[in-house]
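# A closer look at the structure
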Amino acid sequence: MIRHTMRWALQAAMYGAAAVAQAQDYPSKSIHLVVPYPPGGGTDVVARAVAQRLQSELGQPVVVENKPGASEIIGTGSVARAAPDGYTIGLVTSTYSINWVLDSGLPYRPAQFSAVAPLVGVPMLALVPAGSPHADLAALIAASKRSPGRMNYASLGPNSLQAMSSEWLKHLSGADLTAVAYKGAAPALVALSTGEVDFSFAGLGASRALLDAGKLRPLAVSTRQPFPAMPGLGPVAADVPGFDIQIWYGVVAPAGVPKAILQKLNTALSNMAGDARMQRQFADLGNVPMAMSLDEFSAFLAQDAQLWRDIIATAGIKPQ
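The rules we used
- Residues numbered from 1 in each chain as written.
- Predicted model: local features only at pLDDT ≥ 70, side-chain atom pairs only at ≥ 80, totals over all residues.
- Heavy atoms only, no water.
- Helix = DSSP H or I, 4+ residues; strand = E, 2+ residues; numbered from the N terminus.
- Buried < 20%, exposed > 50% of the residue type's maximum accessible area, 1.4 Å probe, protein only.
- Domains from an automatic or database assignment.
- Contact = heavy atoms within 4.5 Å.
- Buried area = accessible area lost by both parts, 1.4 Å probe.
- Salt bridge = Lys/Arg side-chain N within 4 Å of Asp/Glu carboxyl O.
- Polar contact = N/O pair within 3.5 Å; in protein donor to acceptor, adjacent residues only side chain to side chain.
- Nonpolar A, V, L, I, M, F, W, Y, C, P; charged D, E, K, R; others polar.
- Lys, Arg positive; Asp, Glu negative; His and termini not counted.
- Core = buried A, V, L, I, M, F, W, Y, C linked by side-chain atoms within 4.5 Å.

## Points about the environment of glutamine 24
In this structure, glutamine 24 sits in helix H1 (residues 2-25). By relative accessible area, glutamine 24 is classed as exposed at 59%. Along the sequence, glutamine 24 and arginine 277 sit 253 residues apart, while their C-alpha atoms lie 28 Å from each other.

And the structure:
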């Protein structure tokens, strides 16, 4: 028994020494950042800014790989299956939490991931076409009730943040809005700008070009807290009490990546939150920098899943 114990202790020590050596050499080649959305949207813009800064921090190329589809499941699933060496990491959003709650058939489980770091919080804008007859959110909700089945909202799929937030809005307000699905934020917002749909939630980064072009009009912001990028915009909660949603972007890695490597990534990503240039860049996109330790971000992910579990159960949202 003593001999077995000594052998296990020796093996553990050898593994620990190998992990430390691996972390000291990390990174020694390109890192791949998987983005589960197509190029050009708000998530992709953040990912490319993060990749550029991470490359500067770590001294190795950081390659963005867009793997869109199935409400983040395709891209995030590829991260779960990657080697646990820190050279494949994945950008995820609040949809990562929603998927755990809604989809019991996911091709991966929470235990297949390690939390790395949050990136930004993203207040969403409640948007309508510039020519919409609805002066404010209360008017839009009232019009939808007067015309059941006539008005709709842009969704990026049933598990998407746009869909979940819109369904929560419907539950709290009684609005009558039907989902129309698009394959990305860019086509959804173009459809909104042409009046193909009546309403959508979206981040400022994704919608700024159409807002600046005068093709979209913001009615409210999704958070109770004021939105610094649009200081005059009131909250959804002013018309829909109880509504308060801020989405987030963060980074995860495959389970089994040595903690020392996770810590290197966490430190490099957390440094962005305090960098004045990155703060300005994120602010221009309508994003709020976030920084947490490895343990704090892991706890945050568990809390976020519970938040969406409560919203989905209360609103009666069903898996699709």
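## A look at the domain arrangement of the chain
For the chain, the assigned domains are domain 1 (31-121 + 246-315) and domain 2 (123-238). One C-alpha centre belongs to domain 1, the other to domain 2; they are set 25 Å apart. Listed by partner, the interface residues are 23 residues for domain 1 and 21 residues for domain 2. If you sort the residues of domain 1 by the area they bury against domain 2, Gln246, Ile247 and Gly286 come out on top, with a joint share of 24%. If you look at where domain 1 meets domain 2, you find zero salt bridges. One can count three residue pairs in polar contact (both at pLDDT 80 or more) joining domain 1 with domain 2. For the side of domain 1 that touches domain 2, the secondary-structure elements that each account for two or more residues are helix H4 (94-102), strand S9 (246-254), helix H10 (276-284) and helix H11 (294-315). In the side of domain 1 that touches domain 2, the residues fall into eleven nonpolar, ten polar and two charged.

## Comments concerning the side chain of aspartate 304
Relative to the elements of secondary structure, aspartate 304 occurs in helix H11. Arginine 309 is the oppositely charged side chain nearest to the buried, salt-bridge-free aspartate 304, at an N-O distance of 9.9 Å. Side chain to side chain, aspartate 304 and tryptophan 248 meet in a polar contact 2.8 Å long. For aspartate 304, the contacting residues outside a window of four places in its chain are Ser94, Ser97 and Trp248.

## Things to note about the nonpolar core
Burial of nonpolar side chains together is a common tendency in soluble globular proteins. Membership of the largest hydrophobic core comes to 68 residues, with the highest contact counts inside it found for Phe199, Val236 and Leu269. Broken down by element, this core gets its largest block of residues, eight residues, from strand S4 (residues 113-129). Composition of this core by domain shows at least three residues from each of domain 1 (31-121 + 246-315) and domain 2 (123-238).

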